[in-house]
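If you want the building blocks of each chain, they are given just below.
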Amino acid sequence: MSQKDNTIYITTPIYYVNDVAHIGHAYTTIIADTLARYARLTGNKTFFLTGTDEHGQKIETSAAARGKSPKEYADEVSGKFRALWDDFGITYDRFIRTTDEEHKIGVQKAFQKMFDNGDIYKGNYEGNYCVSCETFYTDAQLLDNAGCPDCGRPTTIVKEESYFFALSKYQDRLLKLYEENPSFILPKAKAKEIVNFVSGGLNDLSISRTSFDWGVKLPASMNDDKHVMYVWLDALLNYITALGYGDDEKNMEFWPANIQLVGKDILRFHAIFWPAFLMSLDLPMPKHIAAHGWWTRDGEKMSKSKGNVVDPKEIADAYGLDAFRYFLLREVPFGQDGDFSQRALMDRINSDLGNDLGNLLNRIIGMSGKYFDYKVSSKDVLKYHEKEMKEVDALLEGSEEFLYHLQINRFLEEIWKVLTIGNKAIGDYEPWNMMKDGKTQQAMALVALITNIMAKVAVLLKSVLPSKVAEIEKSLGITVDTQSYISLIKNKELISDTTITKIDALFPRIEEELIATAVSSSTVTETAKKCCTSDTKEIKVEKQDDANLITIDQFFGTSLKIGTIVEAEEVPKSAKLLKLQVDLGEGRNRQILAGIKEYYSAESLIGTQACVVANLKPAKLMGMLSEGMLLAAKDENGLHLLRPEAPKKSGTKVS
Ligand code: ME8
């Protein structure tokens, strides 16, 4: 993306409808949304595309497993993705579904054109197929146990008549594309893998299937009804059919795309197949295919079977959407893998967002209110603070370059340097002493310097923190739009005289004990979440909606057992904690710290039983190890542990 482009087209992958949205989907979508908002703010005509990938064997099988038709199932899950993005305020211009009629028409037109160009021929395919990855593999690519090299699942042997795309023909043109456009693949380090892969030779690609029929049919002119198109051909073409390719061509002015965001696992499809298809269609190449890294959770790979998948809605509900956006964009350099933990998220909120950003706004409100009845004038800012202002303007101007190169974390770091200048200036100049000494003009210049810093930062942060910046706008009496972008950032001007409005803290501090246990494990049902108690944690997320539904497998990812409390004592200096030794039938007792001291005396618990979450990652509380969690229910009548109705053997499974 560059500032000079006047149309900007940004895409996310289209998400398979066999799964609910997780942090990986949210990550790509939030990056794309940030870039699209920024492109619009800076005055570019922008088109932002996202959507769902609904055809193929995987979806057909998932639907059948639920006793639904593929279309019914796709409608349901696609609707959930869309509802989540709407809930998140994602500013997509089109949400495409590969079951949309216009898409199918466009795909058939593209197939026809590739055929007419001599790039499609009929043959027989015999080889390995991974339904989960919807990918063909040669024998040499398979793992030793014949598993899929990408996901490790068993592959099946497919032997059927198939149409082929002459991918091998494009090897040289692809290598030339990579060589002549070193930033075609971002981050550049990833390009090497692709160049090596293509240099090793390309096989023609099987692009139709006959063994199932949930897919786009071949064009009628092919007269070959038993074939449906390979799902990746159908899916990749969404990036042009969404603009009207092969149909009304309404938005084709946006092609070629500026940035196509993908996860690293699907880079090969986008950096090899996709440009080859485009070459066959005589269309220009996208400017960048940008591959992001993989999110893990608390250091572990996320998977449905482990039940540790991060639900973006749950996080956003518990910690705030803007904070979640900031965390995703700030925590990990684009292209690298990242780890999600509530601790890291909480630290970002309290430190970057609360202390550095929110607190600076608070200080503006406080100082302007106390000294100047909330009136701020920029009149003398340059007289007293030209040096600081120059430094701020230069940093902010430079920060944009990072955004254009997708180094969003660096972009944010530069903005935070500016906030540091603001916070430091208050300490250095001590406006309270200026007021005491009657230097009112200087004090006003200082308050106005900080207000200008906040206004300029707000302009650049609007795409990252849309709702919180709306609050800053309200407080500072400014409007962030293309005009203010040009005046405050491009022309480095100052804001007009303004009146500050008092608002609530932007990012109230999240206390340690309020880390939402609700998002500590997606294996615990909503009901269980509401009644879990471990140490001093409380529950913040109470909403139940379809997006949060879990499968039975996920539920059974939590090991619930009956434990017998054999010892109990108070934790010194803690108002809430009891230290328990609990027998779970394992031949040794587990130490569990539970935040129930206000409701139970230690001695009353000895010999009693409770329901325990037995496979929780051990945690240290007040320097002591806690190896599990007791379940309890709390309402206005107090807190009660969940216990078996009749005594059970220690370690009895709860299901
Ligand atoms: O691949 N961390 O769809 P999809 C980061 N339909 N990103 C992750 C992730 C994780 N833990 N897990 C998955 C498809 N992703 C195709 C795309 S486009 C023409 C067709 C990312 O729903 C993954 O890398 O399986 C991919 O970019 C995206 O989620 C969608 O995956």
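None of the values given here were measured: they were computed from a predicted structure.

### Here's the deal with the side chain of Thr135
Line of reasoning, step 1. Mapping Thr135 onto the fold places it in strand β5 (residues 135-137).
Line of reasoning, step 2. A distance of 2.6 Å separates the side chain of Thr135 from the backbone oxygen of Cys133, its partner in a polar contact.
Line of reasoning, step 3. With residues up to four places along the chain from it excluded, the contact list for Thr135 reads Asn128, Tyr129, Cys130, Tyr230, Trp232 and Phe269.

### A few points about helix α4 (residues 101-116)
Line of reasoning, step 1. Its 16 residues give α4 an end-to-end C-alpha distance of 23 Å, which sits within 8% of 22 Å, the value for a rise of 1.5 Å per residue.
Line of reasoning, step 2. Along α4, the residues that are buried comprise His103, Gly106, Val107, Ala110, Phe111, Gln112 and Met114.
Line of reasoning, step 3. Positive phi appears at Gly118, one or two residues downstream of α4, with a value of about 80°.

### Quick look at the confidence of the model for the protein
Line of reasoning, step 1. Per-residue pLDDT for the protein averages 90, and the proportion of residues at 70 or more is 92%.
Line of reasoning, step 2. In this model, residues 520-547 is a region of pLDDT below 50 whose contacts with residues beyond four sequence positions or in other chains number 87 contacts.

### A closer look at the sheet that holds strand β15 (residues 338-340)
Line of reasoning, step 1. Read across the sheet, 3 strands follow the order β14-β13-β15 without closing on themselves; strand pairing throughout is mixed. Each edge of the open sheet carries a strand with a single partner, namely β14 (300-301) and β15.
Line of reasoning, step 2. Of the strand pairs in this sheet, strand β13 (residues 295-297) and β14 are connected by 2 bridges, and their pairing is antiparallel. Counterpart to Thr296 in the pairing with β14 is Lys301.

### Some words on the packing of aromatic side chains
The geometry of an aromatic ring pair is captured by two quantities: the separation of the ring centres and the angle between the planes.
Line of reasoning, step 1. Counted by the stated rule, this structure contains 30 aromatic pairs.
Line of reasoning, step 2. Arranged with centres 5.6 Å apart and planes meeting at 20°, the rings of Tyr15 and Phe81 form a pair that is stacked. Of this pair, Tyr15 sits in strand β1 (residues 7-16) while Phe81 sits in helix α3 (residues 70-87), placing them 66 residues apart in sequence.
Line of reasoning, step 3. Note on Tyr121 and Phe164: the rings are 5.5 Å apart at their centroids and 15° apart in plane angle, and the pair reads as stacked. Taken together, the residues span a long stretch of sequence, with Tyr121 in strand β4 (residues 120-130) and Phe164 in strand β6 (residues 156-165) at a distance of 43 residues.
Line of reasoning, step 4. Residue classification places Tyr121 among the partly exposed positions, given a relative accessible area of 35%.
Line of reasoning, step 5. Counting every residue linked through ring pairs, the aromatic cluster contains Tyr9, Phe47, Tyr239, Phe254, Trp255 and Trp274.

### As for the packing of helix α12 (residues 342-372) against helix α16 (residues 440-461)
Line of reasoning, step 1. At their nearest, the axes of α12 and α16 sit 10 Å apart, and the two run at 145° to each other. You can see that α12 and α16 cross each other, and the crossing is left-handed. Across the interface between the two elements, Leu357, Leu360, Leu361, Ile364, Met367, Ser368 and Phe372 of α12 pack against Thr440, Ala443, Met444, Val447, Ile450, Thr451, Met454, Val457 and Leu461 of α16.
Line of reasoning, step 2. Grouping the amino acids of the contact of α12 with α16 by side-chain chemistry returns 13 nonpolar, 3 polar and no charged.

### Quick word on unusual backbone geometry
Line of reasoning, step 1. Across the junction of Leu186 and Pro187, the peptide omega takes the value -10°, indicating a cis bond.
Line of reasoning, step 2. In this model, Trp255 is joined to Pro256 through a cis peptide bond whose omega is 5°.
Line of reasoning, step 3. Mapped onto the secondary structure, Pro256 falls in the loop between α8 (238-241) and β11 (259-263).
Line of reasoning, step 4. Look at Asn223: it is not a glycine, yet its phi comes out positive at around 55°.
Line of reasoning, step 5. Within the element layout of this structure, Asn223 appears in the loop between β9 (208-209) and β10 (228-229).
Line of reasoning, step 6. Residue classification places Asn223 among the exposed residues on the basis of a relative accessible area of 70%.
Line of reasoning, step 7. Of note, Glu430 is a non-glycine position whose phi angle comes to about 45°, a positive value.
Line of reasoning, step 8. Along the chain, Glu430 turns up in the loop between α14 (408-429) and α15 (431-436).

### Re the pattern of salt bridges
Line of reasoning, step 1. As enumerated under the stated definition, the model contains 42 salt bridges in all.
Line of reasoning, step 2. With a shortest N-O distance of 2.8 Å, Lys71 and Asp75 are connected by a salt bridge. One end of the pair is Lys71 and the other is Asp75, both in helix α3 and 4 residues apart, which spans about a single turn.
Line of reasoning, step 3. The exposure class of Lys71 is partly exposed, given its relative accessible area of 35%.
Line of reasoning, step 4. Owing to a relative accessible area of 34%, Asp75 belongs among the partly exposed residues under this scheme.
Line of reasoning, step 5. Each member of the salt-bridge network shares a partner with another, and the members are Arg330, Arg410, Glu413, Glu414 and Lys417.

About the cut-offs
- Residues numbered from 1 in each chain as written.
- Predicted model: local features only at pLDDT ≥ 70, side-chain atom pairs only at ≥ 80, totals over all residues.
- Heavy atoms only, no water.
- Helix = DSSP H or I, 4+ residues; strand = E, 2+ residues; numbered from the N terminus.
- Polar contact = N/O pair within 3.5 Å; in protein donor to acceptor, adjacent residues only side chain to side chain.
- Contact = heavy atoms within 4.5 Å.
- Expected span 1.5 Å × (residues − 1).
- Buried < 20%, exposed > 50% of the residue type's maximum accessible area, 1.4 Å probe, protein only.
- pLDDT = per-residue confidence, 0-100.
- Pairing = 2+ DSSP bridges.
- Phe/Tyr/Trp six-rings, centres within 6.5 Å; stacked < 30°, edge-to-face > 60°.
- Axes fitted to C-alpha atoms, helices over the stretch in contact; angles between N-to-C directions.
- Left-handed = near helix turned anticlockwise from the far one by under 90°.
- Nonpolar A, V, L, I, M, F, W, Y, C, P; charged D, E, K, R; others polar.
- Salt bridge = Lys/Arg side-chain N within 4 Å of Asp/Glu carboxyl O.

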